[in-house]
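Results of the structural survey
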Amino acid sequence: QSAADQLSTLLDKTNSYSAQFQQIVSHAQGQKGEKSSGKFELRHPGKFRWEVNKPYQQLLISTGKELWIYEPDIDSVTVNDLEQQLGATPALLLSSDRQSLINSFHINAKSANEYVLTPKDLGANFEKIELRFANGVLVELNLQDSLGSHTQVLFTDAKTNIKLDDSRFQFTPPENADLIDNRRHTE
Amino acid sequence: CATRSIDRTRYPLPTEVMELKRWELDGRIALKNGKEGFTAGLNWVETPESYLFELTGPLGETRARLNATPGLATLELPNEPVLSSPNTELLLADHFGWAVPVESLKFWVRGLPDANSEQVQFDPEGRLQTFESRGWQVRYLEWQQANGLTLPKRLEARNEQLQLKLSLHDWHF
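Residues numbered from 1 in each chain as written. Chains lettered and ligands numbered in written order. Predicted model: local features only at pLDDT ≥ 70, side-chain atom pairs only at ≥ 80, totals over all residues. Heavy atoms only, no water.

**Thoughts on the packing of aromatic side chains**
Residue and element names in this part refer to chain A. Tallied over the entire structure, the rule returns 20 aromatic pairs over all chains. With 5.6 Å between their ring centres and 40° between their planes, Tyr70 and Phe171 make a pair best called tilted. Separated by 101 residues along the polypeptide, Tyr70 in strand E5 (residues 66-71) and Phe171 in the loop between strand E11 (150-160) and strand E12 (178-181) bring together distant segments of the chain. Every member of this aromatic cluster is reached through a ring pair, and the members are Tyr17, Phe21, Phe40, Phe48, Trp50 and Phe155. (Phe/Tyr/Trp six-rings, centres within 6.5 Å; stacked < 30°, edge-to-face > 60°. Helix = DSSP H or I, 4+ residues; strand = E, 2+ residues; numbered from the N terminus.)

Spelled out as structure tokens, the structure:
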């Protein structure tokens, strides 16, 4: 079985997923790294919720069609069309189907639990994405960007195939927030 | 043209903040012109010889990294060759597409007006509230204590074309 098949089987087993995350970003030029933490939820196909609550507030919601980013500290709401190349929104790859994975990445297996993805699209934000599983559940994501920054995301108390309500993957902007609308054609 | 620092005697400014030679901040920044724009993580490292201004995406990916030393700035953008110019602000405007006033922001983020600031106003607690500088209107919305110094937490800067909103959640010096 190819690495892509193995990874797809692993990902397909998880129809929905929720976990706490700790993100650590270290930079090429040795600035001190940044730590952030929050909650991540996803549901096939193409829906995820990435909620940072420390040291700042940020909410990313992929509805499957659009990506909403809400940042109360700078009172901004940004909405973009969901870019289909998965290299642009790595969190999306965790809820995407086998074919889009293969279309977007070269996939190699370091072991039955560790997969290395390199984007086929050269314009992607990341040069390399590593996924690590334990007992079939995602526990770590490592991302290397093209300018030497490295991001490690550790997931804890992960739950899979639980009921996640539609409302978790929808977003209505609050009244006063300043909307930045980058959608190509707005309704 | 690097913006010279403010004339100390003209305003009651916190000297320890003005004398900070090395500092690093982490925050969030929103950049908007009309309806278009984006938000990013902001990482700023200042030393006497240089400063680094970096914008990052939600998963820490670098979207722009500006390294500036007196007389030369280099700009790194993902999947593009490194660019350089003696003028930091032109480099950002021409290649990143946003005329971010980084030379002045160096002072604004510390709650200091720059040498071109006018109509400088302070709030009842003696902290900078608003000023105008080369067409930019700058406003301070919230302050914080960091290692015993009073530094901005949230500020806004607006000119005819661009609106910046900053929230600074981590100071190191």
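Having put the structure on the table, let's press on.
**What to know about the nonpolar core**
In this structure, Phe53, Leu66, Leu75, Phe96, Trp108 and Leu166 of chain B are the most contacted members of the largest nonpolar core, which totals 51 residues. Aside from chain neighbours lying at most four places away, what touches Leu66 of chain B is Tyr51, Leu52, Phe53, Ala73, Thr74, Leu75, Thr88, Leu91, Leu92 and Val102 of chain B. Residues Ile69, Leu94, Leu101 and Phe126 of chain A belong to the second largest nonpolar core, which totals 37 residues. (Core = buried A, V, L, I, M, F, W, Y, C linked by side-chain atoms within 4.5 Å. Buried < 20%, exposed > 50% of the residue type's maximum accessible area, 1.4 Å probe, protein only. Contact = heavy atoms within 4.5 Å.)

**Here we look at the sheet that holds strand E3 (residues 51-56) of chain B**
Residue and element names in this part refer to chain B. In spatial order, the strands read E6-E5-E4-E3-E2-E1-E11-E10-E9-E8-E7; together these 11 strands make up an open sheet with antiparallel pairing. At either end of the open sheet lies a strand with only one pairing partner, and these are strand E6 (83-85) and strand E7 (117-122). Strand-to-strand, the axes of this sheet are offset by a mean angle of 20°, without reference to chain direction. The pairing of strand E1 (residues 23-33) with strand E11 (residues 163-172) spans 9 bridges and is classified as antiparallel. What sits directly across from Lys32, in E11, is Gln163. (Pairing = 2+ DSSP bridges. Axes fitted to C-alpha atoms, helices over the stretch in contact; angles between N-to-C directions.)

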